[in-house]
Amino acid sequence: MAHTTNYTNTFIEVSEDCPAQHGVEPPIAENLSIAALHYRLLSEEPYTRTSDDVLFETHALRKGIDPDDADARAEFFSKGQACLRASPLSKRYGWGTHHDEHGRVAMFPRDSDEYAALAADPSLEHKRAMRSSRRS
């Protein structure tokens, strides 16, 4: 059975314990981090990929797999995957993600007017990104 991480008409707000007060670009290193890859994919082409597309393309780029390999994608989603609620973008770097009616994703910095409007939109389902640490 194939699993999916896609949401529709949903806004994922930054986690309660996110240290960034505004959207911060993740650092770029020789081996791109998951955060840096998510940032690149979502900032360069907003609303062109679903959550599944972002997660698989990130996995493929990190593992040297062709992102268009349908068999590798099917194998990747044969097991459950963490959704974008677990992305470092929303947990650490201050970015919320909006998933439109087709499941395509764009990100918005938490200190922007767009973020505020999406966070207040009653027509969207609202989720919070996962916390980075457990409460003591």
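Residues numbered from 1 in each chain as written. Predicted model: local features only at pLDDT ≥ 70, side-chain atom pairs only at ≥ 80, totals over all residues. Heavy atoms only, no water.

(A) Spotlight on the sheet that holds strand β3 (residues 105-109). Pairing in this open sheet of 4 strands is mixed, and the strands run β3-β2-β1-β4 from one edge to the other. A single partner strand is all that each edge strand has here, and the edge strands are β3 and β4 (125-128). The average angle at which neighbouring strand axes cross in this sheet is 20°, direction not considered. Across 3 bridges, strand β1 (residues 10-13) lies against strand β2 (residues 95-99) in antiparallel orientation. Each residue of the ladder has a partner; that of Thr10, found in β2, is His99. The sheet contacts of helix α1 (residues 34-44) involve β2 and β3, and relative to β3 the element is tilted by about 105°. (Pairing = 2+ DSSP bridges. Helix = DSSP H or I, 4+ residues; strand = E, 2+ residues; numbered from the N terminus. Axes fitted to C-alpha atoms, helices over the stretch in contact; angles between N-to-C directions. Contact = heavy atoms within 4.5 Å.)

(B) Quick peek at the packing of α1 against helix α2 (residues 51-63). Relative orientation of the contacting elements α1 and α2 amounts to 125°, with a least axis distance of 10 Å. Put simply, α1 runs oblique to α2. The crossing of α1 and α2 is right-handed. Residue-level inspection shows Ile34, Leu37, His38, Arg40, Leu41 and Leu42 of α1 in contact with α2, the latter providing Val54, Leu55, Glu57, Thr58, Leu61 and Arg62. In terms of residue class, the contact of α1 with α2 is made up of 7 nonpolar, 2 polar and 3 charged. (Parallel < 35°, antiparallel > 145°, perpendicular 65-115°, else oblique. Left-handed = near helix turned anticlockwise from the far one by under 90°. Nonpolar A, V, L, I, M, F, W, Y, C, P; charged D, E, K, R; others polar.)

(C) Structural view of the state of the cysteines. On inspection of all chains with the given rule, the structure shows 0 disulfides. Just so you know, Cys18 is unpaired, no disulfide at all, and the nearest cysteine sulfur is the one on Cys83, 16 Å from it. (Disulfide = S-S within 2.5 Å.)

(D) Structural context of the nonpolar core. If you look at the biggest cluster of nonpolar residues, it comprises 17 residues, and the most contacted ones within it are Leu42, Phe56, Leu89, Trp95 and Met107. In this structure, Leu89 is in contact with Pro26, Ala35, His38, Tyr39, Leu42, Gly94, Trp95 and Met107, ignoring residues within four places of it in sequence. (Core = buried A, V, L, I, M, F, W, Y, C linked by side-chain atoms within 4.5 Å. Buried < 20%, exposed > 50% of the residue type's maximum accessible area, 1.4 Å probe, protein only.)

(E) Fine view of the packing of aromatic side chains. Taken as a whole and judged by the stated rule, the model has 4 aromatic pairs. Ring centres of Tyr39 and Trp95 lie 5.6 Å apart, and the angle between their planes is 70°; this geometry places the pair in the edge-to-face category. Linking Tyr39 in helix α1 with Trp95 in strand β2, this pair joins segments that are 56 residues apart in sequence. Exposure remark for Tyr39: the relative accessible area of 16% places this residue in the buried category. For the ring pair Phe76 and Phe77, a centre distance of 4.9 Å and an interplane angle of 85° mean the geometry is edge-to-face. We classify Phe76 as buried; its relative accessible area is 12%. (Phe/Tyr/Trp six-rings, centres within 6.5 Å; stacked < 30°, edge-to-face > 60°.)

(F) Spatial organisation of the pattern of salt bridges. Considering all chains together, one arrives at 7 salt bridges under this definition. Across the salt bridge formed by Glu45 and Arg49, the nearest N and O atoms sit 3.0 Å from each other. Among the salt bridges present, the one from Asp53 reaches Arg73, with a minimum N-O distance of 2.9 Å. Pair noted here: Asp53 is in helix α2 and Arg73 is in helix α3 (residues 70-76), with a separation of 20 residues, a long-range link. With a relative accessible area of 23%, Asp53 lands in the partly exposed category. A single salt-bridge network, built from bridges that share partners, covers Glu45, Arg49 and Glu57. (Salt bridge = Lys/Arg side-chain N within 4 Å of Asp/Glu carboxyl O.)

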